[in-house]
Structures are given as C-alpha cells and as structure tokens.
Amino acid sequence: MGGATASKPVDDMKYVVVSGGVLSGLGKGVTASSIGVLLKSAGLRVTAVKIDPYLNSDAGTMSPFEHGEVFVLDDGGEADLDLGNYERFCDLNLYRDNNITTGKIYSKVIEAERRGDYLGKTVQVIPHITDAVQNWIEDIAVVPADGIEGSPDACVIELGGTVGDIESAPFIEALRQFQFRVGRENIIFVHVSLVPVMGPVGEQKTKPTQHTVKELRGLGITPDVLVCRAEAPLSDETREKLAAFCHVSPRAVMSAHDVSNIYRVPLLLQAQGMCEALGIDCTKTDLMERWEAMADRVDNLGQEVHIAMVGKYTGLTDSYLSVIKSLQHASFAVNRTLVIDWIEASNLENNSHSDWAVLKAADGILVPGGFGDRGIEGKILAANYARVNSVPYLGICLGLQIATIEFCRNVLGLEGANSTEFDQNTANPAVIFMPEISKTHLGGTMRLGSRPTIFQVDDCKTRRLYGGGPQVDERHRHRYEVNPDLIQKIEAAGLVFVGKDETGLRCEIFELDGHPYYVGVQYHPEFKSRPERPSPPFLGLLKAATGGSI
Ligand code: GLN
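All figures in this text were calculated on a predicted structure; none of them were measured in a lab.

Our focus in this paragraph is the overall build of the protein chain. Within the protein chain, the regular secondary structure consists of 19 helices and 23 strands. By the compact-globule yardstick of 24 Å for 550 residues, the protein chain fits well, its C-alpha radius of gyration being 25 Å. With respect to the three principal axes, the spread of C-alpha positions in the protein chain is 75 × 60 × 50 Å. Buried positions account for 57% of the 550 residues belonging to the protein chain. Within the protein chain, contacts between residues separated by at least 24 positions form 71% of all contacts whose residues are at least 6 apart in sequence.

What follows is the structure, encoded as structure tokens:
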C-alpha cells in the first residue's frame, strides 16, 4: 500500500477484506476492528463494511437472543453488532449502508428489475447481484465515518459467516471480481481461522486451516494474511507448516492467541508484522501507544465493583454487548474491576432467595432495554429496591419506563399503573404507544436513531456528566413513551424529567430528587460509548456505585 503523497496518505482507496473459516465465533469482528486501528495508526482515515449473508434486510427484526444485540446507528439503521465493534475500536459513526445484507442487495436488484433498468436482460446472480455488491461497497467506502469531510483512505470489509456457506458464495464471488476492479495492489485478503490443539502433547493442528484456505482459493481468492485463533502462541513449526500448505509467507501467518484483554489484539497483530503485511507504517501516530497504555490499565484495575444487570437471559451475553462494553469503559475511568451480576428478572418475581441476595449485594443496578412482558414485574421490583434503598440505578429505555411505572404505582398510588405494551387496558397508563408509529408493521417502524435531548434545567447530574451543554444527541429504538398527561404529577412528586425531546413532550432523561443516582434514559447511550470516552450515564452509575462525586 505505497503511493503516499503530501496531501493524502494514499492515492486510491485501500481495501482489507476479512473472511473466516472453520467455524463462527473466532473473533473475525475483533480482527477486522483491530486492523482498522492499525490503519488509523498509520495515519489513514478508515471506514468499515460488514457483509451479512442473511435474507433479512437488517437486524431490526432479529431476536437478540439468537443473533446478539441489534446495534443502532445514528441514521437509525439497525445493524449487526460488529458495527459496534468497529465504532468502538476505530471511533467511527457508521451508516445503515455500512451493513450489507443479502436482503438489501436482492431488494435493490429486484427493484431495478421492476423499473426495467436491465433492458430485457435475464437478471442473474452473476453479474447483477455481484455487480450490485461491488457498487454498494464502492459507494459506501467513500462516505466519511469519522466526522471529517472528504473520503476515507481505507475500508475494512468483514464477510460474515464461514467460507463455504451457500449464503456467502455470491459475496465471495463479488469480492473475487472486486480485486480486478480496484487493482490487486489496493486490496488485501485476510483470512481468520482456527488452530486447535489435540492430543496429550498439545500438538497444534493445521489441517482445518489448510482446508478452509483451499476452499477459499478454490473460489478464486488467495489470502495474503492468515490470522490463526489459538489458545497458546503458534509455534514456529506450525507457522511454517501453515505457510507452506496455505501459499502465504511465514511472516504473514499471525498468531491470534488468547490475551489478557481485547485491547491487546491490535498490539498483538502489530508485534507480528501485520503493518508490514498491510504495507503500512504504524509508527506515524501515537495511537498504538495509547492502546498499549489502555491495555495495561485494563490489566491493573483496582478492587471490584458489582453491577446487577436485571434482564432476560438465555445465556447469550452478546444480546447486551454494548451495555457490557459501556459498563467496562466506565469501570476503566473509575479504575475498578467490573463484575456484572446477571439477574433473571422473573426470578425476582418468584422470590428467588439467591437472586435477591445478589441484587442486594450489588453496588449499582442496571435495567437495560427490552421488549415483551416477560420479567417486567421483576424489573419493577428491582427499580423499587434501588429507589427505596438509595442504590445507584440506571434504567435504559425499558429501564426508564419500568421505573416510571414503579413510581406511579408506589409513590403516586396509581393502582395497576403499567405500559400499554404490557397491559392494553390498564386503568393507569404510565407509558403509552407513540401515536405516529405504525401498528401494523414491525420492521423499521420504531423511533430510531439519533434524536436531540434538550436539558430542561441548568444543572443536574446528567447534564454535568455530559459536560454541561444544553443538548445531547443519543440513539433511540423504541415505540412507547412516558404518558405526557402524567408528567406534571410525576415531577411534583420528585421524579424530574430533566431532559426532553425538542417538542418538549417526550421524556428523555429522568432523575430522582434526593437520591444519589437514580437515572433513567429513554435513549440507548450504550451505542456511543468508547473505551477512552465512556458514556456519561454509565460513568455516572459507576461513579455513584464507587462512592465518587458527580
Ligand atoms: N419496549 C419498549 C418500547 O418499545 C422499550 C424498548 C427498548 O427498551 N429498546 O418503547
């Protein structure tokens, strides 16, 4: 990737394609994000694209318990959680078009066919789908995602799924063609694979990687770099064997073994020559030093702080990935080791002794966003416990709504107060359906994306945490809101809506008078948290939970 000029570090857009083999869950997203960090450290402006070979148009209608969280973008795009990884690692704000799906590509091609754009031709996967993929990538790659005008210099493309899947075949074919479109010198293929250990002597096995590379090469893509997931570092012997059998230079075989924390991954790749393999000079900025300092800090955090997360669990923590990350970022800032105590909300309803004991022992309580009525009463009990016992509390979206319901029931005495989401006929609707949103279509009908919140008071905890400005912009994903008719009554009793939307009708932030930290936000602050810039409401929770002042 040479060709630097005085004004721009590179002449043409550089692409790095990250594919995966053998099995899913190898950390392709972290690899892609880490490569983004290395490109940035070489002074390149970066953007990223995730390709998801499923037929859904976007992740909006997909269950987070099956697929991991739905990551919400500024423009309201509901995307795969890997976009969150790129945003956090590379400090970007991406768009819905940065997430390509089979559904989106086919819709676009079929729409064009209906318009008659193909002039009587037979519309086929090759060339029409593959062309549409390539056009899409080229169009979105030049859109800046770092808040600065002008085109990025490099685009990291992550191909979801595993090479060999039927679903990903058209995308692999598109990327194979793409290398000729952009020039072989402008594209690098990185393949992430697994090197398992077998037998009593702990031999590192190369065969799965050999097979997946063979498969990829059979589809016309020769990887330039192999990133090998392994428990322990790859031995020299393994490296050489992989190089010999997979047609890559031994220097381009990277060991992605287990490390103490995720922030070490870019450093691990850099130390093994990933920058040379990408043809970049990673010493151009102080970014890698900052990552090293962060990785060291994360390894040396102080005593534990316990945050109870009261939600719906099916064992897939990825369904709350950004919330977990935001708590971690905030814990780094207060120099504490974060322990998340997972509490199944319905267990609180059933008076589970052990769950109540965990809740009561926590330094702070968080109720994250959610849909559907399972566990609602348990969440209300948790909010009540936090309110009455002065335990720091952060309610996100649904967490704001259930805390408002709790307040209406137990402070205002509004019997059976509820959200119309859970009880359509409640006598006391504390949270109501937002009228302008469609009742008939679930996909893409929510109040989504970045919307302004205007502070209603000159000084309050959240305003201070956000730096004191008059307005904040955070991302939303909801259909219901606090009933505007009740606001005056609720506020008079001490739960103050210190932040509202620009119409002054919708409640965005509440704070409880006289409580150390009882905060609810209608938006999802977790989507904008960064390792070095923790999200303010989370920072407030961690500060309050560790006895700090806000
Ligand atoms: N189910 C609630 C609503 O639609 C909360 C959504 C959420 O927490 N993201 O308003």
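Next, the rest of the story.
On the surface, Tyr 106, Ile 110, Val 125 and Ile 126 cluster together into a nonpolar patch covering about 330 Å² of accessible area. Assignment of secondary structure puts Tyr 106 in helix 4 (residues 102–115).

Here we take up the state of the cysteines. What is meant by a disulfide is a covalent connection between two cysteines, made through their sulfur atoms. Evaluation of the coordinates by the stated rule reveals one disulfide. Cys 275 shares a disulfide with Cys 282; S-S distance 1.9 Å. The sign of the -100 degrees torsion about the S-S bond sets the Cys 275-Cys 282 disulfide as left-handed. Residue Cys 275 is classed as buried on the basis of its relative accessible area, which comes to 3%. The buried category is assigned to Cys 282, whose relative accessible area is 5%. Free cysteine Cys 90: the closest other cysteine sulfur is in Cys 155, separated by 11 Å. Residue Cys 460 stays outside any disulfide, its sulfur separated by 14 Å from that of Cys 507, the closest cysteine. In this structure Cys 460 comes out as buried when scored by relative accessible area, which is 6%.

Another aspect to go through is the pairing of strand 13 (residues 336–344). Of all the nine residues making up strand 13, seven are buried; the element is thus mostly covered by neighbouring parts of the structure. For strand 12 (residues 302–311) and strand 13, the ladder comprises nine bridges, and the chain directions are parallel. Among the inter-strand pairings, Val 305 is bridged to a residue of strand 13, identified as Leu 338.

Between its terminal C-alpha atoms helix 4 stretches 20 Å, which fits the 20 Å expected from 14 residues at 1.5 Å a residue. Listing the buried residues of helix 4 in full gives Thr 102, Gly 103, Lys 104, Ile 105, Val 109 and Ala 112. As for helix 4, its buried residues are in contact with strand 2 (46–52), strand 5 (99–101), helix 5 (125–141) and helix 6 (169–182).

Scanning the entire structure with this criterion turns up 13 aromatic pairs. Joined through ring pairs, the aromatic side chains of Phe 89, Tyr 263, Trp 291 and Phe 332 make up one cluster.

This brings us to the environment of Gly 218. Relative to the assigned elements, Gly 218 resides in helix 7 (residues 207–218). Here the alpha-carbon distance between Gly 218 and Pro 516, two residues 298 residues apart in the chain, equals 62 Å.

A few words on the sheet that holds strand 20 (residues 480–482). Read from one edge of the open sheet, three strands run 16-17-20, paired in mixed fashion. The sheet terminates laterally at strand 16 (418–419) and strand 20, the two strands that pair on one side only. Strand direction decides the pairing type here: strand 16 and strand 17 (residues 429–433), joined by two bridges, are parallel. Bridging from a neighbouring strand, Asn 418 pairs with Pro 429 of strand 17.

What follows deals with helix 19 (residues 536–545). Most of helix 19 is tucked away: nine of the ten residues are buried. Residues of helix 19 that are buried include every one of Pro 536, Pro 537, Phe 538, Leu 539, Gly 540, Leu 541, Leu 542, Ala 544 and Ala 545, and no others. Here the buried face of helix 19 lies against strand 12, helix 12 (321–333), strand 14 (364–367), strand 15 (393–396), helix 17 (461–465) and strand 23 (518–521).

Bringing the packing of helix 14 (residues 353–361) against helix 15 (residues 376–388) into the picture now. One way to put it is that helix 14 packs onto helix 15 with a least axis distance of 11 Å and a crossing angle of 35 degrees. Once helix 14 is placed against helix 15, the crossing between them reads as right-handed. Contacts between helix 14 and helix 15 involve Trp 356, Leu 359 and Lys 360 on the former and, on the latter, Leu 381, Ala 382 and Tyr 385. Counted by class, the contact of helix 14 with helix 15 contains five nonpolar, no polar and one charged residues.

Right, let's get into the site of the ligand. Within the structure, the ligand sits among Gly 369, Gly 370, Phe 371, Cys 397, Leu 398, Gln 401, Glu 421, Arg 477, His 478, Arg 479, Tyr 480 and His 524. The contact in question runs from an oxygen atom of the ligand to an N or O atom on the backbone of Gly 370, over 2.9 Å. The separation between an oxygen atom of the ligand and a polar main-chain atom of Arg 479 is 3.0 Å. Burial of the ligand by the protein chains amounts to 99% of its free accessible area of 300 Å². Tallied by class, residues from the shell around the ligand come to four nonpolar, five polar and three charged.

This brings us to unusual backbone geometry. Omega for the bond connecting Ile 126 with Pro 127 falls within 30 degrees of zero, at 10 degrees, which places this linkage in the cis form. Within the fold, Pro 127 resides in helix 5. Of note, His 247 is a non-glycine position whose phi angle comes to about 60 degrees, a positive value. Relative to the helices and strands, His 247 is located in the loop between helix 8 (236–246) and strand 11 (253–257). Residue His 247 is classed as exposed on the basis of its relative accessible area, which comes to 51%. In this structure, Asn 351 is a non-glycine residue whose phi angle is positive, near 60 degrees. Structurally, Asn 351 can be placed in the loop between helix 13 (345–349) and helix 14.

It is worth spelling out the confidence of the model for the protein chain at this point. Taken residue by residue, the protein chain gives an average pLDDT of 93. The fraction at 70 or more is 96%. Scored below 50 in pLDDT, residues 1–6 makes 14 contacts in the model with residues more than four places away or belonging to other chains.

Analysis parameters
- Residues numbered from 1 in each chain as written.
- Predicted model: local features only at pLDDT ≥ 70, side-chain atom pairs only at ≥ 80, totals over all residues.
- Heavy atoms only, no water.
- Helix = DSSP H or I, 4+ residues; strand = E, 2+ residues; numbered from the N terminus.
- Rg over C-alpha atoms; globule rule 2.2 N^0.38 Å.
- Buried < 20%, exposed > 50% of the residue type's maximum accessible area, 1.4 Å probe, protein only.
- Contact = heavy atoms within 4.5 Å.
- Patch = residues over 30% accessible without salt bridge, like charges linked within 9 Å, V, L, I, M, F, W, Y side chains within 5 Å.
- Areas by Shrake-Rupley, 256 points an atom, 1.4 Å probe, with all protein chains shown as cover.
- Salt bridge = Lys/Arg side-chain N within 4 Å of Asp/Glu carboxyl O.
- Disulfide = S-S within 2.5 Å.
- Pairing = 2+ DSSP bridges.
- Expected span 1.5 Å × (residues − 1).
- Phe/Tyr/Trp six-rings, centres within 6.5 Å; stacked < 30°, edge-to-face > 60°.
- Axes fitted to C-alpha atoms, helices over the stretch in contact; angles between N-to-C directions.
- Left-handed = near helix turned anticlockwise from the far one by under 90°.
- Nonpolar A, V, L, I, M, F, W, Y, C, P; charged D, E, K, R; others polar.
- Near = heavy atom within 4 Å.
- Polar contact = N/O pair within 3.5 Å; in protein donor to acceptor, adjacent residues only side chain to side chain.
- pLDDT = per-residue confidence, 0-100.

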